[in-house]
Amino acid sequence: QVQLVESGGGLVQAGGSLRLSCAASGNTFGGYAVAWFRQAPGKEREFVAGRRWSGGSTYYADSVKGRFSILKDTAINTIHLQMNNLKPEDTAVYYCAVGRPIQSTMSTEGAYYYWGQGTQVTVSS
């Protein structure tokens, strides 16, 4: 069992930056993949970024490539989502998720079975 707690959301102007954090308790991320998803009002939840805890490969949605980075902090068992050059269309509730997807399902919501409670990110124009 893994419990996930997100933090770091807030209100920022377009062009600004935020860093989201996802801390794991009850178990470590070892052996899992960790991802960030987001859901904007009236839209379906979508994949943003993901990585395996062990290993260097990272995966990003086209809409965030070059602006977002998924980073791990092994010392405190935390995954961060560094978001730069934010745009109003990045406004959403952001969720971290943990699972054991294969490479082809890294961006598939159903491949993840532990989810955080979500944190709101609002980008003003």
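So, how was this worked out
Throughout, residues of each chain are indexed from 1 in the direction in which the sequence is written. Confidence filtering applies because this is a predicted model: local features only for residues at pLDDT of at least 70, side-chain atom pairs given and counted only at 80 or more, and all residues used for totals across whole chains, interfaces and linings. As a convention, hydrogens and water are excluded, and side-chain values are obtained from all of the structure's heavy atoms. Stacked, tilted and edge-to-face are the three classes assigned to paired rings of Phe, Tyr and Trp, where Trp is represented by its six-membered ring and a pair needs centres within 6.5 Å; plane angles under 30 degrees give stacked, over 60 edge-to-face, the rest tilted. Numbering of helices and strands runs from the N terminus, with a helix taken as a DSSP run of H or I at least four residues long and a strand as a DSSP run of E at least two residues long. Relative accessibility thresholds used throughout: buried, under 20% of the residue-type maximum; exposed, over 50%; partly exposed, between the two (1.4 Å probe, protein chains only). Two thresholds decide whether a charge sits over a ring: the Lys NZ or Arg CZ must be within 6 Å of the ring centre and within 35 degrees of the ring normal. In short, DSSP must find at least two bridges between two strands for them to pair. Axis lines are fitted to C-alpha atoms, over the contacting stretch for helices. Their N-to-C directions set the angle, which ranges from 0 to 180 degrees. In this description, a nonpolar core means a group of buried Ala, Val, Leu, Ile, Met, Phe, Trp, Tyr and Cys residues linked to one another through side-chain atoms lying within 4.5 Å. A contact between two residues is defined here by any heavy atoms of the two lying within 4.5 Å. Salt-bridge detection follows one rule: a side-chain nitrogen of Lys or Arg within 4 Å of a carboxyl oxygen of Asp or Glu.

Can you help me understand the packing of aromatic side chains in this one?
By convention here, two paired aromatic rings are described through the distance between centres and the angle between planes. The full count for this structure, using the stated rule, is seven aromatic pairs. For the pair tyrosine 32 and tyrosine 114, a centre-to-centre distance of 6.2 Å together with 80 degrees between the ring planes defines the contact as edge-to-face. Of this pair, tyrosine 32 sits in the loop between strand E3 (18-25) and strand E4 (33-39) while tyrosine 114 is found in strand E10 (residues 112-115), placing the two residues 82 residues apart along the sequence. Using a relative accessible area of 8% as the deciding quantity, one classes tyrosine 32 as buried. Given the relative accessible area of 17%, tyrosine 114 is considered buried. Here lysine 72 stacks its cationic end above the ring of tryptophan 53, 5.3 Å away from the centre of that ring.

When you look at unusual backbone geometry in this model, what are you seeing that I'm missing?
Negative phi values dominate among residues other than glycine, just as trans dominates among peptide bonds. Even without a glycine there, the phi angle at asparagine 77 is positive, about 50 degrees. Structurally, asparagine 77 can be placed in the loop between strand E7 (68-73) and strand E8 (78-83). Relative accessible area serves as the criterion here: at 13%, asparagine 77 is assigned to the buried category. At asparagine 85, a position not held by glycine, the phi torsion is positive, near 50 degrees. With respect to the helices, strands and loops of the structure, asparagine 85 is situated in the loop between E8 and strand E9 (92-99).

Please clarify how the sheet that holds E7 should be interpreted in this entry.
Strand pairing in a sheet relies on backbone hydrogen bonds, with the paired strands running either antiparallel or parallel. If you walk across this open sheet you meet the four strands as E1-E3-E8-E7, and the pairing is antiparallel. Each of the sheet's edge strands pairs with one partner strand only, and the pair in question is strand E1 (3-7) and E7. Averaged over all pairs of adjacent strands, the angle between strand axes in this sheet comes to 20 degrees, irrespective of strand direction. Bridge analysis of E1 against E3 gives five bridges, and the strand direction is antiparallel. Bridged to glutamine 3 within E3 is serine 25.

I'm lost on the nonpolar core in this one. Help?
The nonpolar side chains of soluble globular proteins are, as a tendency, buried together. Ranked by internal contacts, the top residues of the largest apolar core, which has 30 residues, are Leu4, Phe29, Trp36, Leu81, Met83 and Tyr94. Secondary-structure elements contributing two or more residues to this core are E3, E4, strand E5 (46-52), E7, E8, E9 and strand E11 (119-124). Excluding residues within four positions of it along the chain, methionine 83 makes contact with Gly16, Ser17, Leu18, Leu20, Arg67, Phe68, Tyr94 and Val121. Counting nine residues, the second largest nonpolar core, distinct from the first, contains Ala33, Met106, Ala111 and Tyr112.

Explanation requested: the pattern of salt bridges in the structure shown.
Any two side chains of opposite charge can pair, given that their charged atoms come close. One pass over the structure, following the stated rule, counts five salt bridges. It is possible to trace a salt-bridge network through shared partners that takes in Arg38, Glu46, Arg67 and Asp90.

Looking at this structure, I do not really get the pairing of E3. What am I missing?
Within a regular strand, side chains alternate between the sheet's two faces. Both E3 and E8 contribute to a ladder of six bridges, which runs antiparallel. Looking across to E8, one finds that leucine 18 is bridged to methionine 83.

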